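Inside the fold
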2 protein chains.
Amino acid sequence: MTTPFAFPIAVDVVALTVIDRALHCLVVTRGIDPYRGRPALPGGFVREGEQTLQAAERELEEETGITPPGHLEQLFSYGPLGRDPRGPVLSVAHLLLAPRFSPVRPGGDASGAHWRPVDALLAPDSPLAFDHATILADGVERARSKIEYSPLATSFCGPEFTITQLRTAYEAIWGAPLDPRNFHRKATKTASFIEATGRTAHEGAGRPAALYRLAPGVDETAFVLDPPLRRPTGPAPVPPTNPLPGRMRDNRASTEGEP
Amino acid sequence: MTTPFAFPIAVDVVALTVIDRALHCLVVTRGIDPYRGRPALPGGFVREGEQTLQAAERELEEETGITPPGHLEQLFSYGPLGRDPRGPVLSVAHLLLAPRFSPVRPGGDASGAHWRPVDALLAPDSPLAFDHATILADGVERARSKIEYSPLATSFCGPEFTITQLRTAYEAIWGAPLDPRNFHRKATKTASFIEATGRTAHEGAGRPAALYRLAPGVDETAFVLDPPLRRPTGPAPVPPTNPLPGRMRDNRASTEGEP
DNA sequence: TCAAAAGTGTTGGGAGTACACCCATGT
DNA sequence: ACATGGGTGTACTCCCAACACTTTTGA
């Protein structure tokens, strides 16, 4: 073969945040066909001269007005077959974890941009366009796993946060309550995780909480939590971060099946 | 934008196995430019009508004569910029862990196909073409992490294996010795991992070892090892499986940097 | 009988869970 | 005062690293 077949490459962004103790995902309302009017992950096609990560940042800004305030990383690639009615499209999905960044304004091909509870978007009758429910599920699973070993959950908080705020992020992502006392000890005692700023926060009643920040010189995605903070959920831990363990789905780009 | 820019999509395969207690990677000698004569990961371009996983399987067969006997999964995507002198190419890398499958014969665009020790391929002056040293490093790191939680290391062994063979696989991948007694207990006592076949293997001197197989109904990639088998290496565990934590490198498709 | 490899028992320390309890603040 | 949330102390359990020890084979 001399000239290889060329494919459009799409990028999609799973942007997660915590609102009211529940995990929310940023979705746009599609302004163009296919799936016009349906909710979808923000995203679009990679242009000439772009890396996929740059394209993800650009599409996020165009469609939602957000300049990534948190941590953006590649998630997984899907396709190119069977995921877009227009033809083969490879999608490189990305994951963004960030504090609730307020003014979301739609633009580009999007006629709306909103934070929606992840639970609703992952329901069996998910309204999401394309294979975006699959991508979202993979993104949530990756987030669940990554915060076990990395300080990435601090991305959900502002630059300074209380232990309770951090714990709330963990609880929202894992969907399980944690013991506040043990979490406090674990978070404050683990090296290379967080450090006290000396300041305190007064929120409502109760003793004011000490404020912390991410420990200096620590990459949010570095795997520094040793031993890790493991999620409580029973003896059979859900599959972890990586490219989807068991329960594979339809048109993901790779990994399983196809004899 | 109406018609999106289209890119060639490549697939590359990091095929790992254990030979003489050391981790080896399958590399081909490139028979065409660019990088003609240089070692490279087996791979090629995705054709119309293929999923990336299928393309990875096909290229592996064409260039090395191997039909994936182990477990093939998607690793990470790189590019499309700055990784091929011919122009932008997105590469979807895959990871294959398998027992040493013997007859490797070169074909397609490859003029040679050989197992090479991973250590040499990852040396600072790595001979690998393109960004394949980066991809290999990511693949090795993914393998190191995945065998902590999944029975995937059994992929390195045949259908039946002794505990010592399994331990040798772990030691080769992690690059660290393990206590045979403790490993034996851990491997045999962990539920949903391996089961005895009742047969024994007589290799050289010493008491014959019981033969085991992967527990029935267990997906090799399912994350069933709870608690996980954690690698010995000191208190600061190397980054894990996922898309590269900290130390990002040049032209990977995504995740970090690029303001 | 000895060497080599397989496999079991035992023990001390470290980490996690559960929960009692004290601290500091708003009302 | 009292409710509310922040933070510490402690007992119990489980896992694991370390290593002594037994079992089963080949030479």
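Residues numbered from 1 in each chain as written. Chains lettered and ligands numbered in written order. Predicted model: local features only at pLDDT ≥ 70, side-chain atom pairs only at ≥ 80, totals over all residues. Heavy atoms only, no water.

The name recorded for chain A in an unreviewed UniProt entry is NUDIX domain protein, from Schaalia georgiae F0490.

1. Quick notes on the packing of aromatic side chains
For any pair of aromatic rings, the description rests on two quantities: the centre-to-centre distance and the angle between the ring planes. A full pass over the atoms with the stated rule returns 13 aromatic pairs over all chains. Relative to Phe7(A), the ring of Phe5(A) lies with its centre 4.8 Å away and its plane at 70 degrees, an arrangement referred to as edge-to-face. Site record: aromatic cluster; members linked through ring pairs are Tyr149(A), Phe223(A), Tyr149(B) and Phe223(B). (Phe/Tyr/Trp six-rings, centres within 6.5 Å; stacked < 30°, edge-to-face > 60°.)

2. Things to note about the protein's contact with DNA strand C
Inspection of the region around DNA strand C gives 23 residues, with Arg181(A), Asn182(A), Lys186(A), Thr164(B) and Arg181(B) positioned closest. The protein-proximal atoms of DNA strand C, defined as those within 4 Å of the protein, are 56% sugar or phosphate. Thr164(B) places a polar side-chain atom, nitrogen or oxygen, 2.5 Å from a phosphate oxygen of DNA strand C. No other element matches the 4 residues that helix H5 (residues 180–189) of chain A contributes to the surface near DNA strand C. (Near = heavy atom within 4 Å. Polar contact = N/O pair within 3.5 Å; in protein donor to acceptor, adjacent residues only side chain to side chain. Helix = DSSP H or I, 4+ residues; strand = E, 2+ residues; numbered from the N terminus.)

3. Structural notes on the sheet that holds strand E10 (residues 209–214) of chain B
The strands making up a sheet are joined through hydrogen bonds of the backbone, oriented either antiparallel or parallel. All names here are of chain B. Read from one edge to the other, the open sheet built from 3 strands follows the order E8-E10-E9, with strand pairing classed as antiparallel. In the strand order of this sheet, the two ends are held by strand E8 (161–162) and strand E9 (194–201), each with one partner. Examined bridge by bridge, E8 and E10 share 2 bridges and lie antiparallel to one another. Across the sheet, the residue bridging to phenylalanine 161 is tyrosine 212, located in E10. (Pairing = 2+ DSSP bridges.)

4. Considerations on the sheet that holds strand E8 (residues 161–162) of chain A
Residue and element names in this part refer to chain A. Read from one edge of the open sheet, 3 strands run E8-E10-E9, paired in antiparallel fashion. Edge strands, defined here as strands with exactly one partner in the open sheet, are E8 and strand E9 (194–201). In this sheet, strand E10 (residues 209–214) lies alongside E9 in antiparallel orientation, the contact comprising 5 bridges. Bridge assignment links alanine 201 to a residue of E10, and that residue is alanine 209.

5. Let's talk about the protein's contact with DNA strand D
Around DNA strand D lies a shell of 21 residues, among which Thr164(A), Gly206(A), Arg207(A), Arg181(B) and Lys186(B) are the nearest. Considering DNA strand D, the proportion of its atoms within 4 Å of the protein that are sugar or phosphate atoms stands at 53%. Gly206(A) is positioned such that a nitrogen or oxygen atom in its backbone is 3.2 Å from a base oxygen of DNA strand D. Side-chain polar atom of Asn182(B) to a base nitrogen of DNA strand D: 2.8 Å apart, as the coordinates give it. Ranked by residue count, the leading element in the surface near DNA strand D is helix H5 (residues 180–189) of chain B, at 4 residues.

6. With respect to the pattern of salt bridges
All names here are of chain A. Inspection of every chain in the model, using the stated rule, returns 34 salt bridges over all chains. Here aspartate 179 makes a salt bridge to arginine 181, at a shortest N to O gap of 3.1 Å. Its relative accessible area of 31% is what places aspartate 179 among the partly exposed residues. Here arginine 181 falls in the exposed class, since its relative accessible area comes to 61%. Bridged by salt links that share partners, the residues Arg47, Glu50, Arg58, Glu59 and Glu62 form one connected network. (Salt bridge = Lys/Arg side-chain N within 4 Å of Asp/Glu carboxyl O. Buried < 20%, exposed > 50% of the residue type's maximum accessible area, 1.4 Å probe, protein only.)

7. Topic: the confidence of the model for chain A
Model confidence for chain A is summarised by a mean pLDDT of 85, while 88% of its residues fall at 70 or above. pLDDT under 50 marks residues 234–259 of chain A. Its contacts with residues more than four places away, or in other chains, come to 96 contacts. (pLDDT = per-residue confidence, 0-100. Contact = heavy atoms within 4.5 Å.)

8. Considering helix H3 (residues 132–149) of chain A
With 18 residues, H3(A) should reach 26 Å at 1.5 Å per residue; the first-to-last C-alpha distance of 26 Å fits that figure. Counting buried positions over the 18 residues of H3(A) gives 16, a clear majority of the element. (Expected span 1.5 Å × (residues − 1).)

9. A short note on the environment of Gln74(A)
All names here are of chain A. Looking at where glutamine 74 falls in the secondary structure, it is placed in strand E5 (residues 71–78). Its relative accessible area of 1% is what places glutamine 74 among the buried residues. Here the alpha-carbon distance between glutamine 74 and glycine 37, two residues 37 residues apart in the chain, equals 27 Å.

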